[in-house]
Amino acid sequence: MTTDDFFTAIQKRTLRGAYYLTGPEEYIKERAVRQTCELPGEAARDLNVLLFRAPSVDPAAVIDACESLPFFDDRKVVVVRDLSNDAALPVAEYLDRLPETTILLFVRKGDPKKGDPVFEWFKTSHDDRIVKFDPYTPERLAAFLTKRARENGITIGNPEKRFLIEYVGNDMAALENSLLKAGAFAGAGNAVTRQMIETCITPNREYQFFSIGDLLFAGKVREGLRMLENETRAGRQERFPFLFYLNKRVRDLIVVKQLHAAGRPKAEIKKATGISSDFMLDKTVTLSRKYSMERLLNMQQTLSDLVTDFLQNRLSDRDALFLSIYKLFTEAKK
């Protein structure tokens, strides 16, 4: 079942039985839970919506809650969050007897735990009731921002929406909060601009790393180092994770160069690299044309050696980072 199918079933009031909600997109997942909990009538909603949260979940109490009849309504909702595997076993054995008057939601933060008996029951018996909440595409994120901007009287153009997505990332809760903050910063009747976004919102880590990497790959080593040092002093970045990022970006350049040369479609390249946005992917494709495959492989080997030296305590994180930048972007020019 897709997330759209699940929301349609909520709107049509056709939800019945058990569902397993999983996946990394927590904002939309929580919206689905909230709307499901609003299905019982408001007058007796407190009696017809029961919530259980790990780690203190008694499986017998969950089963009792499912078995009891709804109070002056045709359905009740039982929500069980992050059930442990031990507590899940008796609940999984009960699921075939779940009454039609109960909507039972198993809500898992992130992906299912290995060996989860409830998830195994769904896979075997009702895989159509597994609802995976994946991050939205840039197009759907832009549509989400359009809707939230309209609801809150915020004026923001399409280029600014795209930039906000790149700048903040695809976490929808963070996106909504950033949109509201930018709208408040702009003031009533004023349009949100890129400069306003950069002024009042902290970019996500991936965007920060990407921006620093862009400066380095563009030959602006001093500016890149200054930006990294400023972010480190402000406590927003660490040197060693940036070394990991450099290593990954070089690997991405190698993969992109290979797949792009083979004429593979953009969607396949995006999936192979795990690059989160079209903007970053397009820039990576352009950058891959600047370097030969031999140069990229040499860069990868250099980074691999420096990471090993750090892990074996032969170099500090600062020395490993600065040596990597020197060898990749300064020494190579000599």
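So, here is what we can say about the structure in this document. None of the values given here were measured: they were computed from a predicted structure. (Residues numbered from 1 in each chain as written. Predicted model: local features only at pLDDT ≥ 70, side-chain atom pairs only at ≥ 80, totals over all residues. Heavy atoms only, no water.)

1. With respect to the overall build of the chain
If you tally the helices and strands in the chain, you get 17 helices and seven strands. Structurally, the chain occupies a C-alpha span of about 80 × 55 × 40 Å along its principal axes. Out of the 334 residues belonging to the chain, those deemed buried represent 46%. Long-range contacts, defined as pairs at least 24 residues apart, comprise 73% of the intrachain contacts of the chain with a sequence gap of at least 6. Charge centroids of the chain, computed over 51 positive and 47 negative side chains, lie 7 Å from each other. (Helix = DSSP H or I, 4+ residues; strand = E, 2+ residues; numbered from the N terminus. Buried < 20%, exposed > 50% of the residue type's maximum accessible area, 1.4 Å probe, protein only. Contact = heavy atoms within 4.5 Å. Lys, Arg positive; Asp, Glu negative; His and termini not counted. Charge placed at Lys NZ, Arg CZ, Asp CG, Glu CD.)

2. A few points about the packing of helix 1 (residues 3-12) against helix 2 (residues 26-37)
At their nearest, the axes of helix 1 and helix 2 sit 10 Å apart, and the two run at 20 degrees to each other. With respect to helix 2, the element helix 1 is oriented roughly parallel. For the pair helix 1 and helix 2, the crossing hand works out as left-handed. Every residue of helix 2 that contacts helix 1 at Phe6, Phe7 and Ile10 is listed here: Ile28, Arg31, Ala32, Gln35 and Thr36. In terms of residue class, the contact of helix 1 with helix 2 is built from five nonpolar, two polar and one charged. (Axes fitted to C-alpha atoms, helices over the stretch in contact; angles between N-to-C directions. Parallel < 35°, antiparallel > 145°, perpendicular 65-115°, else oblique. Left-handed = near helix turned anticlockwise from the far one by under 90°. Nonpolar A, V, L, I, M, F, W, Y, C, P; charged D, E, K, R; others polar.)

3. Observations concerning the packing of helix 16 (residues 293-311) against helix 17 (residues 317-329)
One can describe the packing of helix 16 onto helix 17 by two numbers: an axis separation of 10 Å at closest approach and a directional angle of 165 degrees. As far as their axial angle goes, helix 17 and helix 16 are roughly antiparallel. As for how helix 16 packs across helix 17, the hand of that crossing is right-handed. Within the contact between the two elements, helix 16 uses Arg295, Met299, Thr302, Leu303, Leu306 and Phe310 and helix 17 uses Asp317, Ala320, Leu323, Ser324, Lys327, Leu328 and Phe329. In the contact of helix 16 with helix 17, the residues fall into eight nonpolar, two polar and three charged.

4. Side note on unusual backbone geometry
A positive phi angle is found at Arg13, which is not glycine, with a value near 60 degrees. Here Arg13 is to be found in the loop between helix 1 and strand 1 (17-22). For Arg13, a relative accessible area of 38% corresponds to the partly exposed category. Even without being a glycine, Asn313 presents a positive backbone phi close to 65 degrees. Within the fold, Asn313 resides in the loop between helix 16 and helix 17.

5. Concerning the nonpolar core
Among soluble globular proteins, nonpolar side chains are generally buried collectively. Counting 78 residues, the largest nonpolar core has Phe6, Leu21, Leu105, Phe217, Phe242 and Phe329 as its most contacted members. If you tally residues by element for this core, the top one is helix 13 (residues 239-261), at nine residues. Excluding its chain neighbours within four sequence positions, the residues that come into contact with Leu21 are Phe6, Lys29, Ala32, Val33, Leu105, Phe106, Val107, Arg108, Val131 and Phe133. Ala18, Tyr20, Leu104 and Phe106 belong to the second largest nonpolar core, which has 25 residues in total. (Core = buried A, V, L, I, M, F, W, Y, C linked by side-chain atoms within 4.5 Å.)

6. Points about the sheet that holds strand 2 (residues 49-53)
Pairing in this open sheet of five strands is parallel, and the strands run 2-3-4-1-5 from one edge to the other. This sheet does not close on itself; its edge strands, each paired only once, are strand 2 and strand 5 (130-132). Neighbour-to-neighbour, the strand axes of the sheet open up by a mean angle of 20 degrees, direction not taken into account. Judged from the three bridges that link them, strand 1 and strand 5 form a sheet pairing that is parallel. Among the inter-strand pairings, Tyr20 is bridged to a residue of strand 5, identified as Ile130. Helix 6 (residues 117-125) rests against strand 1, strand 4 (102-107) and strand 5 of the sheet, and its axis sits at about 110 degrees to strand 1. (Pairing = 2+ DSSP bridges.)

7. Let's talk about empty space enclosed by the protein
Summed over the entire model, instances satisfying the criterion amount to one cavity of 30 Å³ or more. What the largest cavity holds in volume is close to 60 Å³. Taken together, Tyr20, Val80, Asp82, Leu83, Ala88, Phe106, Val107, Arg108, Asp116 and Val118 form the lining of the largest cavity. (1 Å grid on protein atoms, 1.4 Å probe; cavity = no way out; pocket = protein on both sides within 12 Å on 5 of 7 lines; lining within 4 Å. Points joined across faces, edges and corners; volume = space filled by probe spheres on them.)

8. Regarding helix 2
Taking 1.5 Å per residue as the helical rise, helix 2 with its 12 residues ought to reach 16 Å, and the 16 Å between its terminal C-alpha atoms agrees with that figure. Within helix 2, burial applies to Ile28, Lys29, Ala32, Val33, Thr36 and Cys37. Sitting at the head of helix 2, Glu25 places a side-chain oxygen 2.9 Å from the backbone nitrogen of Tyr27. (Expected span 1.5 Å × (residues − 1). Polar contact = N/O pair within 3.5 Å; in protein donor to acceptor, adjacent residues only side chain to side chain.)

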